[in-house]
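# Summary of structural features
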Amino acid sequence: MSRSERSPLLLAGLLAGAGIAHVAAPRPFDTVIPRALPGSPRAWTYASGVAELALAAGVAMPRTRRAAALAATAFFVGVFPANVKMALDWRHRPAPLKAAAIGRLPLQVPLVLWARSVAGRAGTGEAGR
């Protein structure tokens, strides 16, 4: 299997793993939901987990890969405020936790670019189309 064929499946796996974590162990995710959002943090945690699972399924399937990868790109941009909130909330925690929270911020960029790349390749007929 070539790298271009593996990339969407790896992205789907990452999304699926994150989605399962949000649904199976929601408590840590509840704390990073921005307070400005209406409703309960748990509802947002579950909703984001379900969205990640749906995106994973869409990215994994060649027929829906392009649309799902574009949606994943938007999703990764959309969850950035939660990562900022986490970094701010954790600024007084022990150094390793603070570093992990701050380190998540720049990691969002490669995720956005990866999803966009998967969408682009799907649009050209590569990677299983």
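All of the points below concern the structure found in this document.

### Structural notes on a nonpolar patch on the surface
Taken together, I20, V23, Y46, V50 and L53 make up a surface patch of nonpolar side chains, about 410 Å² in accessible area. Turning to its location among the elements, V23 is positioned in helix 1 (residues 3-24). V23 gets classed as partly exposed once you look at its relative accessible area, which sits at 35%.

### Overview of helix 6 (residues 95-123)
The end-to-end C-alpha distance of helix 6, which contains 29 residues, comes to 43 Å, matching closely the 42 Å that a straight helix rising 1.5 Å per residue would cover. Bending of helix 6 peaks at approximately 35° at the position of P106. Of all the residues in helix 6, the buried ones are A101, Q108, V112, A115, V118, A119, R121 and A122. Contacts from the buried residues of helix 6 go to helix 1, helix 3 (41-60), helix 4 (65-78) and helix 5 (80-89).

### Looking at the packing of helix 1 against helix 6
Packed helices, taken two at a time, are described by their axes: the angle between them and the distance between them. The N-to-C vectors of helix 1 and helix 6 enclose an angle of 130°; their axes lie 10 Å apart at closest approach. Here helix 6 runs oblique to helix 1, going by the angle between their axes. For the pair helix 1 and helix 6, the crossing hand works out as left-handed. Packed against helix 1, whose contacting residues are S4, S7, P8, L10, L11 and L14, the element helix 6 presents L111, W114, A115, V118 and R121 at the interface.

### What to know about the packing of helix 3 against helix 4
Close contact between helix 3 and helix 4 brings their axes to 7 Å; oriented N to C, the two are set at 145°. The chirality of how helix 3 crosses helix 4 is left-handed. For the pair formed by helix 3 and helix 4, the contact residues are S48, A51, E52, L55, G58, V59 and A60 on the first element and R65, A68, A69, A71, A72 and F75 on the second. Here the residues of the contact of helix 3 with helix 4 are counted per class, giving nine nonpolar, two polar and two charged.

Scoring rules and cut-offs
Residues numbered from 1 in each chain as written. Predicted model: local features only at pLDDT ≥ 70, side-chain atom pairs only at ≥ 80, totals over all residues. Heavy atoms only, no water. Patch = residues over 30% accessible without salt bridge, like charges linked within 9 Å, V, L, I, M, F, W, Y side chains within 5 Å. Areas by Shrake-Rupley, 256 points an atom, 1.4 Å probe, with all protein chains shown as cover. Salt bridge = Lys/Arg side-chain N within 4 Å of Asp/Glu carboxyl O. Helix = DSSP H or I, 4+ residues; strand = E, 2+ residues; numbered from the N terminus. Buried < 20%, exposed > 50% of the residue type's maximum accessible area, 1.4 Å probe, protein only. Expected span 1.5 Å × (residues − 1). Bend = angle between axes of the 7 residues up to and from the residue. Contact = heavy atoms within 4.5 Å. Axes fitted to C-alpha atoms, helices over the stretch in contact; angles between N-to-C directions. Parallel < 35°, antiparallel > 145°, perpendicular 65-115°, else oblique. Left-handed = near helix turned anticlockwise from the far one by under 90°. Nonpolar A, V, L, I, M, F, W, Y, C, P; charged D, E, K, R; others polar.

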